[in-house]
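What follows is the residue order along each chain.
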Amino acid sequence: MIKRLFLSSFLSICLLQVIGYSGEADNVLKTRYTAIHYTQDQDLNDFIWHINGRKAEASSDIREGAKSIDRIVERVEDILEIRPRNFKVKIYLQRGPLEENKIAVYDNKTKSIRISIDQATDGVLAHEIAHAVIYQHFPTPPPSKAQEYLTQHVDKELWRDY
Ligand SMILES: [Zn+2]
């Protein structure tokens, strides 16, 4: 009996893995401030290449490249002089354009950015990170027009002194 129970739980674990593997795989790369969700390694490679202009050859390059995402977060916080405690944001990579032909959107309910891999740039990502920083800092987030003034300031200042 014990043996059979063991076998059936073993089988169900295997089955779960098979289902998990064959479906839309949700792979996650965690950086200091972000968790980047992607389907294939190629998606992650292309995204990082779009953000920092460097092609990754090995997985160690990807980890290194992902640090440029954290640098953008810190740069945005420096420009706004807003540094939310324990800032975290999820980034979902998507092939093709998002709805309404948007390149990226931030959703505060899920604290996540969805971004189109093919059209992603450091500026686009910084803009959405700025929304995330603003939302996560203020107990009552500023109205969207005020937020747009702040995020447009980030757009202008992003790499000004570089
Ligand atoms: Zn905006």
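We now turn to the structure provided with this report. None of these values were measured; they are calculated from a predicted model. (Residues numbered from 1 in each chain as written. Predicted model: local features only at pLDDT ≥ 70, side-chain atom pairs only at ≥ 80, totals over all residues.)

It is worth spelling out helix α3 (residues 59-80) at this point. Owing to its 3.6 residues per turn, the α-helix brings residues three or four apart onto one side. Between its first and last C-alpha atoms α3 spans 33 Å; for 22 residues at 1.5 Å apiece the expected length is 32 Å, and the two agree. Taken together, the buried positions of α3 are G65, A66, I69, I72, V73 and V76. Projected down its long axis, α3 carries its buried residues within an arc of 120 degrees, all on one side. Every exposed residue of α3 that faces more than 90 degrees away from the buried side is listed here: S60 and D78. Packing partners of the buried residues in α3 comprise β1 (27-30), β2 (34-38), α2 (41-52), α4 (122-137) and α5 (144-157). Immediately downstream of α3, the backbone of E81 shows phi near 55 degrees, a positive value. (Helix = DSSP H or I, 4+ residues; strand = E, 2+ residues; numbered from the N terminus. Expected span 1.5 Å × (residues − 1). Buried ≥ 20, exposed ≤ 12 C-beta atoms within 10 Å, placed from the backbone. Arc of directions from axis to C-beta. Contact = placed C-beta atoms within 7 Å.)

What follows covers the nonpolar core. Within the largest apolar cluster, 31 residues are counted, with the highest numbers of intra-cluster contacts made by V76, L93, L125 and I129. If you list the elements that add at least two residues to this core, you get β2, α2, α3, β3 (89-94), β4 (104-107), β5 (112-116) and α4. Per element, the largest residue contribution to this core is seven residues, and it comes from α4. (Core = buried A, V, L, I, M, F, W, Y, C linked by C-beta atoms within 7 Å.)

It is at 9 Å that the axes of α3 and α4 come closest, and there the two elements cross at 60 degrees. Between α3 and α4, the angle is such that the two are oblique. For the pair α3 and α4, the crossing hand works out as right-handed. Residues I72, V73, V76, E77 and L80 of α3 form the contact with α4, whose participating residues are D122, L125, A126, I129, A130 and V133. Residue composition of the contact of α3 with α4, by class: nine nonpolar, no polar and two charged. (Axes fitted to C-alpha atoms, helices over the stretch in contact; angles between N-to-C directions. Parallel < 35°, antiparallel > 145°, perpendicular 65-115°, else oblique. Left-handed = near helix turned anticlockwise from the far one by under 90°. Nonpolar A, V, L, I, M, F, W, Y, C, P; charged D, E, K, R; others polar.)

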